[in-house]
Amino acid sequence: MAARPARRSHAQRREEAERRLLDAALAIVAQRGSVRMTLAEVGEAAGYSRGLAAHRFGSKAGLVQALAGYIGEQFGQQRARGPALQPGLQAILGNIRFYFGRRGGAWTSSRAVLVLMTESCIEAEPALRPVVAAYNRSALAWFEQHIATGIAQGEISADNDPAITAVLLLGAMRGIALQWLVDPKLPVNAVRDRLVAVVERVLRPV
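Residues numbered from 1 in each chain as written. Predicted model: local features only at pLDDT ≥ 70, side-chain atom pairs only at ≥ 80, totals over all residues. Heavy atoms only, no water.

1. Examining the packing of helix 1 (residues 10-32) against helix 4 (residues 60-80)
Between helix 1 and helix 4, whose axes approach to 10 Å, the crossing angle comes to 90°. In terms of axis orientation, helix 1 runs roughly perpendicular to helix 4. Taking contact as the criterion, the partners of Arg19, Leu22, Asp23, Ala25, Leu26 and Val29 in helix 1 are, on helix 4, Leu63, Ala66, Leu67, Tyr70, Ile71 and Gln74. Tallied by class, residues from the contact of helix 1 with helix 4 come to 9 nonpolar, 1 polar and 2 charged. (Axes fitted to C-alpha atoms, helices over the stretch in contact; angles between N-to-C directions. Helix = DSSP H or I, 4+ residues; strand = E, 2+ residues; numbered from the N terminus. Parallel < 35°, antiparallel > 145°, perpendicular 65-115°, else oblique. Contact = heavy atoms within 4.5 Å. Nonpolar A, V, L, I, M, F, W, Y, C, P; charged D, E, K, R; others polar.)

See below:
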């Protein structure tokens, strides 16, 4: 007689439900934004009841906040599966290559982030801007850390202010990504390689 599969714990079922809800919300936001998205719609898209998303996240703002954290975790996990890079300049250059080297569904999270940023700029959802701003700060902090490390190691020029340079790097990457998602004919690999060359030239000491 075949053994019965082990029953999942309540915590495991809760974790799976939250992941499925967040995956459903991610797909909706990437496709058509968060403004018209409803908690009931997310619950149904995830294969649950209309009220589960509200029960889990409390409100639409709570869902979007959780989604921002989920997107950050996904990107970090994707990056961790790539080759190990030394902290500092090599991590920054490797991150640019990785960002534009993704394919297919790996871009869903980036598309969702760009949509959320656009929506927060026009204040379509009053609670959206602080959530997106917090997500941006976490992304900028990663660059700031590696810029500061590179300066300490002598491989990045000390005249590169970490906070300002981080904004420039993240802005360049997202700006290119946005153009490419709008026009897939853009030669993104060539643009990526040129961006890596420019960043290395600007950051390295003379």
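After that view of the structure, there is still more to cover.
2. Topic: the side chain of serine 157
Along the chain, serine 157 falls in the loop between helix 7 (128-153) and helix 8 (162-182). Taking the relative accessible area as the measure of exposure, serine 157 reaches 16% and is therefore buried. At a separation of 2.6 Å, a polar atom in the side chain of serine 157 contacts the side chain of aspartate 159. Look past the residues within four positions of serine 157 in its chain and what remains in contact with it is Ile151, Leu203, Arg204 and Pro205. (Buried < 20%, exposed > 50% of the residue type's maximum accessible area, 1.4 Å probe, protein only. Polar contact = N/O pair within 3.5 Å; in protein donor to acceptor, adjacent residues only side chain to side chain.)

3. A few points about the packing of aromatic side chains
Applying the stated criterion across every chain, the model contains 7 aromatic pairs. Considering the side-chain rings of tyrosine 99 and phenylalanine 100, the 5.0 Å spacing of their centres and the 85° angle between planes classify their relative orientation as edge-to-face. Comparing tyrosine 99 with phenylalanine 100 shows no difference in burial state: the two are buried. An aromatic cluster of three or more residues is present, and its members are Phe75, Phe98, Tyr99, Phe100, Trp107 and Trp180. The cationic tip of arginine 102 hangs over the ring face of tyrosine 99; the distance from NZ or CZ to the ring centre is 4.6 Å. When the ring centre of tryptophan 107 is taken as origin, the NZ or CZ atom of arginine 102, which lies over that ring, is 4.2 Å away. (Phe/Tyr/Trp six-rings, centres within 6.5 Å; stacked < 30°, edge-to-face > 60°. Lys NZ or Arg CZ within 6 Å of the ring centre and 35° of its normal.)

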